Amino acid sequence: MTYRNFSLAQLQAMDAAHHLHPFTDHKDLREAGSRIVTRANGAFVYDTEGREILDGMAGLWCVNIGYGRDELAEAAFEQMKELPYYNSFFRCSTPTPVLLARKLAELAPDNINQVFYGSSGSEANDTALRLVRHYWALEGRPQKNRIISRQWAYHGSTVAGTSLGGMGAMHEQLHGAVPNIDHVMPPYAFELRRRGESDHDFGLRAAKAVEDAILEAGPDTVAAFIGEPVMGAGGVKIAPESYWPAIDRICKRHDVLLMLDEVITGYGRTGAWFAANRLGLEPDTITTAKALTSGYQPLSALLVGDRIARTLVDKGGEFYHGYTYSGHPVACAVALKNLEIIEREGLVERVRDDTGPYFATALNERIAGHGIVGEVRSYGLMGAIEIVADKETRERFPGQGAAAARLRDHAIEGGLMMRAVGDTMILSPPLIWTRQTIDMACERIVAALDKAEGDLRKG
């Protein structure tokens, strides 16, 4: 039995009766009915009605090599036939996680040579939190357990991931976060830069907020600072160039570990294998997932720096942490093939030298001037469009997020999948996009903007 035996209405009814979706208003979904996506190829997805939609989100920030890659299916099939599963407990391992760990160490910054596997970015951030606190305890400083994070950050949706993140609505629903995690202002210039303040000075001010939090808590109590190189789920918030070098200096000055969350930015999206490479950083941990397998299998990899790994090994004792599917052999086989394809097709270099710069130019020349666009910004193949009612004052339309939601709906109806985050539209396309695909996307964005403006100005 396959989905083809059922009508759209039947699938929607079963979905409503039995399936609880993530990050969803379930009452609203049941009234509207879910869109059922049935297949995909290249840069496009297709629903039950055969509608072709250009995927501007790479699934959920993850399908970097695009859809329909037989090589990944074959890699999974071959591994399933040989060894579908064995665990990494009991002093055991299997070949594919070993080979993948070696490959990731080759791609990562020079100070990183160890990998801890999970199945999602949320799990990887849980691991990172556990690991940095365990590191300081092994070093005889268990009181050094406070984490500095940022408002609007997203680090997953587990209890620890939600606590690390800075999403107020998520904290409210949690009804009690993991303790000793502080949140400071993010480097979001569009709303937080003062009148007359340069990007450079704003970046330093945002970094100073991190140092102020460290000093207020006391450096002897602060374990680490965690941050996304680009704040993706919070709305593609891109820090000024002055920010990350200042953060690096601050962490070193106060002996605070640097944790980078590259669940979204890893594996080529920024025009480098990791944003850490592009930013010239050597963090103590890098959280990765999503594009590690291009979403074809669930897999995360926490990349662990030598400083932490050395203490973990030399000072010994069991690290009471892990998952049933840590280092799943099938997922790791798919990841190895995925990385091979990214290298073979030069997708990282394409983003860096061609499509990334073209994407930035296209957004600025074709989208930025629209009547309801307050700002566009991009970093590699990540983009954001701020929706405003007044371009000069940057005043928003009434109803927080309503304008962007209207634009999103018009975009999808016009054949482009985009995401609305508050009053920001975001894009994170597959790395296989070409200049022609970017042109197509811009045409559909402009059409959606025109329709949305017509709706919004009426009311």
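Values in this document were obtained by computation on a predicted structure and should not be read as measured data.

Asker: Is there a simple way to think about the overall build of the protein chain in this case?
Answerer: Scanning the protein chain from terminus to terminus reveals 17 helices and 17 strands. Expected size for 459 residues packed as a compact globule is a radius of gyration near 23 Å; at 22 Å, the protein chain falls within 12% of this value. Taking the principal axes of the C-alpha coordinates as reference, the protein chain spans close to 65 × 60 × 45 Å. Out of the 459 residues belonging to the protein chain, those deemed buried represent 53%.

Asker: Would you mind showing me how to read the sheet that holds strand S3 (residues 52–55) here?
Answerer: The strands that make up a sheet are held in pairs by hydrogen bonds between backbone atoms, and each pair lies either parallel or antiparallel. Read across the sheet, 4 strands follow the order S1-S2-S3-S15 without closing on themselves; strand pairing throughout is mixed. Every other strand in the sheet has two partners, leaving strand S1 (37–41) and strand S15 (416–417) as the edge strands with one partner each. With 2 bridges joining them, S3 and S15 adopt parallel strand pairing. Bridge assignment links leucine 54 to a residue of S15, and that residue is leucine 416. The strands touched by helix H17 (residues 435–458) are strand S2 (44–47), S3 and S15; relative to S3, the strand with the most contacts, the crossing angle is about 110 degrees.

Asker: For this particular structure, what's the right way to read the sheet that holds strand S4 (residues 112–118)?
Answerer: One open sheet holds the 7 strands; their spatial order is S4-S12-S11-S10-S7-S5-S6, and the pairing between them is mixed. Strand pairing shows two members of the sheet lacking a second neighbour, S4 and strand S6 (181–184), which therefore form its edges. Taken over all neighbouring pairs, the strand axes of this sheet differ in orientation by 20 degrees on average, direction set aside. Along the sheet face, helix H5 (residues 95–107) touches S4 and strand S12 (300–305) and points at about 135 degrees away from the line of S4.

Asker: What should I look at first to understand the environment of serine 157 in this one?
Answerer: The topology assignment puts serine 157 in the loop between strand S5 (146–150) and helix H7 (159–164). Each C-alpha atom of the pair serine 157 and glycine 415 lies 29 Å from the other, and the pair is 258 residues apart in sequence. In this view, serine 157 contacts Phe23, Ser122, Thr162 and Met170; residues no more than four positions away in its chain are not counted.

Asker: Hey, could you run me through the packing of aromatic side chains in this one?
Answerer: Two measures describe an aromatic ring pair: the distance that separates the ring centres and the angle between the ring planes. The tally for this structure, following the rule as stated, stands at 10 aromatic pairs. Ring plane angle 75 degrees and centroid distance 6.2 Å describe the contact between phenylalanine 116 and phenylalanine 319, whose orientation is recorded as edge-to-face. Residue phenylalanine 116 is located in strand S4, and its partner phenylalanine 319 is located in the loop between helix H13 (306–314) and helix H14 (329–344); the two are separated by 203 residues in the primary sequence. Between the aromatic rings of tyrosine 135 and tryptophan 136, the centroid separation amounts to 4.9 Å while the plane-to-plane angle is 70 degrees, which identifies the pairing as edge-to-face. With respect to burial, tyrosine 135 and tryptophan 136 carry one shared label: buried. One aromatic cluster is present, formed by Trp152, Tyr188 and Phe190 through successive ring pairs. A cation over a ring is seen here: lysine 144 above tryptophan 136, with NZ or CZ 4.8 Å from the ring centre. The aromatic ring of tyrosine 188 is capped on one face by lysine 237, whose charged end is 4.2 Å from the ring centroid.

Asker: Which parts of the structure should I look at to understand the side chain of glutamine 79?
Answerer: Following the sequence through the fold, glutamine 79 ends up in helix H4 (residues 70–82). Classification of glutamine 79 as buried rests on a relative accessible area of 10%. Excluding its chain neighbours within four sequence positions, the residues that come into contact with glutamine 79 are Pro84, Thr96, Pro329, Val330 and Ala333.

Asker: I tried to follow the packing of helix H15 (residues 347–367) against H17 on my own but got confused; where do I start?
Answerer: Between two packed helices, what matters for the description is the angle formed by their axes and the separation of those axes. Put simply, H15 and H17 touch, their axes get as near as 10 Å, and they point 25 degrees apart. One element, H15, and the other, H17, form an angle in the roughly parallel class. Judged by the sense of rotation from one axis to the other, the crossing of H15 with H17 is right-handed. Contacts from Asp354, Thr355, Tyr358, Phe359, Ala362, Arg366 and Ile367 in H15 reach Arg435, Ile438, Asp439, Cys442, Ile445, Val446 and Leu449 in H17. Among the residues making up the contact of H15 with H17, the classes are represented as 9 nonpolar, 1 polar and 4 charged.

Asker: Any chance you could explain the state of the cysteines here in plain terms?
Answerer: Between two cysteines, a covalent bond joining their sulfur atoms is known as a disulfide. Taken as a whole, this structure holds 0 disulfides when the rule is applied. Free of any disulfide, cysteine 92 has its nearest neighbouring cysteine sulfur in cysteine 332, separated by 15 Å.

Asker: Where do I start with unusual backbone geometry in this structure?
Answerer: Trans peptide bonds make up the majority, and among non-glycine residues the majority have a negative phi. You will see that tryptophan 61, though not glycine, has its phi angle at about 65 degrees, which is positive. Along the chain, tryptophan 61 turns up in helix H3 (residues 58–61). A positive phi is found at tyrosine 267, a non-glycine position, where the angle reads about 70 degrees. The class of tyrosine 267 is buried, set by a relative accessible area of 0%.

Asker: Can you walk me through the pairing of S2 in this structure?
Answerer: A regular strand places its side chains on the two faces of the sheet in alternate fashion. Here S2 shows a buried face lined by Phe44 and Tyr46 and a second buried face lined by Val45 and Asp47. By the bridge criterion, 4 bridges tie S1 to S2 in an arrangement that is antiparallel. For arginine 39, the partnering residue across the bridge sits in S2 and is tyrosine 46. Relative to S3, S2 is paired through 3 bridges, and the arrangement is antiparallel.

Asker: What should I look at first to understand the packing of helix H6 (residues 121–138) against H13 in this one?
Answerer: Relative orientation of the contacting elements H6 and H13 amounts to 60 degrees, with a least axis distance of 10 Å. Here H13 runs oblique to H6, going by the angle between their axes. Classified by chirality, the crossing of H13 by H6 is left-handed. Contact with H6, carried on its side by Leu131, Val132, His134, Tyr135, Trp136 and Leu138, involves Arg307, Ile308, Thr311 and Leu312 of H13 and no other residues of that element.

Definitions and cut-offs
Residues numbered from 1 in each chain as written. Predicted model: local features only at pLDDT ≥ 70, side-chain atom pairs only at ≥ 80, totals over all residues. Heavy atoms only, no water. Helix = DSSP H or I, 4+ residues; strand = E, 2+ residues; numbered from the N terminus. Rg over C-alpha atoms; globule rule 2.2 N^0.38 Å. Buried < 20%, exposed > 50% of the residue type's maximum accessible area, 1.4 Å probe, protein only. Pairing = 2+ DSSP bridges. Contact = heavy atoms within 4.5 Å. Axes fitted to C-alpha atoms, helices over the stretch in contact; angles between N-to-C directions. Phe/Tyr/Trp six-rings, centres within 6.5 Å; stacked < 30°, edge-to-face > 60°. Lys NZ or Arg CZ within 6 Å of the ring centre and 35° of its normal. Parallel < 35°, antiparallel > 145°, perpendicular 65-115°, else oblique. Left-handed = near helix turned anticlockwise from the far one by under 90°. Nonpolar A, V, L, I, M, F, W, Y, C, P; charged D, E, K, R; others polar. Disulfide = S-S within 2.5 Å.

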